[in-house]
Every structure is written in structure tokens, then in C-alpha cells.
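Geometric and topological summary
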Amino acid sequence: MKKRIEEWVERGEHDLEAAQLLLDREAHSDIVLFHVHQAVEKYLKGFLIDHGWKLEKIHDLETLITYAADFDGIFKNYLDTGRKLTAFYYTERYPPGPVPSYPMEEATQMLEAASEIIEKIKDRL
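**Considering the environment of Ile31**
Here Ile31 shows up in helix α2 (residues 29-50). Using a relative accessible area of 25% as the deciding quantity, one classes Ile31 as partly exposed. Separated by 58 residues in sequence, Ile31 and Tyr89 have C-alpha atoms that sit 9.1 Å apart. The residues contacting Ile31, other than those within four sequence positions of it, are Leu22 and Arg93.

**Describing the side chain of Asp15**
On the secondary structure map, Asp15 appears in helix α1 (residues 3-24). For Asp15, a relative accessible area of 7% puts it in the buried group. A distance of 2.7 Å separates a polar atom in the side chain of Asp15 from a polar atom in the side chain of His35. When residues no more than four places from it in sequence are discounted, the contact partners of Asp15 are His35, Gln38, Ala39 and Lys42.

**Focus on the pattern of salt bridges**
Under the defined criterion, the tally for this structure stands at 10 salt bridges. Across the salt bridge formed by Glu62 and Arg83, the nearest N and O atoms sit 3.0 Å from each other. Here Arg83 lies in helix α4 (residues 79-93) and Glu62 lies in helix α3 (residues 61-71), a separation of 21 residues in the sequence. Since its relative accessible area comes to 28%, Glu62 is described here as partly exposed. Accessibility expressed as a relative area gives 38% for Arg83, which makes it partly exposed. Two residues, Asp80 and Lys84, come together in a salt bridge whose shortest N-O distance is 3.4 Å. Residue Asp80 and its partner Lys84 are both found in helix α4; the two are separated by four residues, about one turn of the helix.

**Some remarks on the nonpolar core**
Core analysis: the biggest nonpolar cluster contains 38 residues, and Val40, Leu44, Phe75 and Leu85 have the highest contact counts within it. Of all the elements, α2 adds the most residues to this core, at 10 residues. Among residues more than four places away in sequence, those in contact with Phe75 are Phe47, Ile65, Ala68, Ala69, Ile117, Lys120, Ile121 and Arg124.

Each value, and the rule that gives it
Residues numbered from 1 in each chain as written. Predicted model: local features only at pLDDT ≥ 70, side-chain atom pairs only at ≥ 80, totals over all residues. Heavy atoms only, no water. Helix = DSSP H or I, 4+ residues; strand = E, 2+ residues; numbered from the N terminus. Buried < 20%, exposed > 50% of the residue type's maximum accessible area, 1.4 Å probe, protein only. Contact = heavy atoms within 4.5 Å. Polar contact = N/O pair within 3.5 Å; in protein donor to acceptor, adjacent residues only side chain to side chain. Salt bridge = Lys/Arg side-chain N within 4 Å of Asp/Glu carboxyl O. Core = buried A, V, L, I, M, F, W, Y, C linked by side-chain atoms within 4.5 Å.

This is the structure:
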């Protein structure tokens, strides 16, 4: 694996680990979901860069998954997960309104779905 791609993967792994640590403590489901989103985003960008994609400053996972599906159709299966994670990302990060809280069960499900996407990416890097 190229060094540049390894850097994306390492950062994605850190986000996954942070999400799992918070989930294990049953703390801050909003931040768990933020880190889950970040992990998928970094893995997708690493995958895309590895396939010649020019880096774009976007956070929309549906868009990134669509780009990835151009290289491997299996990623189309994860568009719904991408939409959900992107919605959490924007809801979490910016006011107005109170800090959202989600059931830990939902955060766990999203982490599991993200892990499945990430495994597909790892298999293809």
C-alpha cells in the first residue's frame, strides 16, 4: 500500500477506535457517530485516491460512495448507510439547537455498518 493511502487508513482507524472507546463507555452518542462518519470518509478517500481520484474537500458520504461505486459496483449497497451517516455528521457538528443524543443501540448499528464498508475497502486496497 502506498504511503499516502496508509496515512488515510491510519487516520480512519483512529476514528474507528475513538468511536469504539466512547461506545464502550456508553458516552456521547453524537460524537460516536461523528467519528464513525470520519472513519468511513477517510477510508473512502484513501480508496478513491488509490484509484486516481483527485482529492475533493467534501464530507458527503453518499457522493463518495457513488464515486467508489464507479470503481467497484459493490459500494452501491452502502448508499443508504452513507446518507444516514452524513445526516448525523451535519446534525452533530453545527448549531442551532441542543446537542443531539441518539440511542446507543443506533450508534452501535451505524458502527457495525461502517465497519462492513471499511472491510470492503480494506479488501480492495
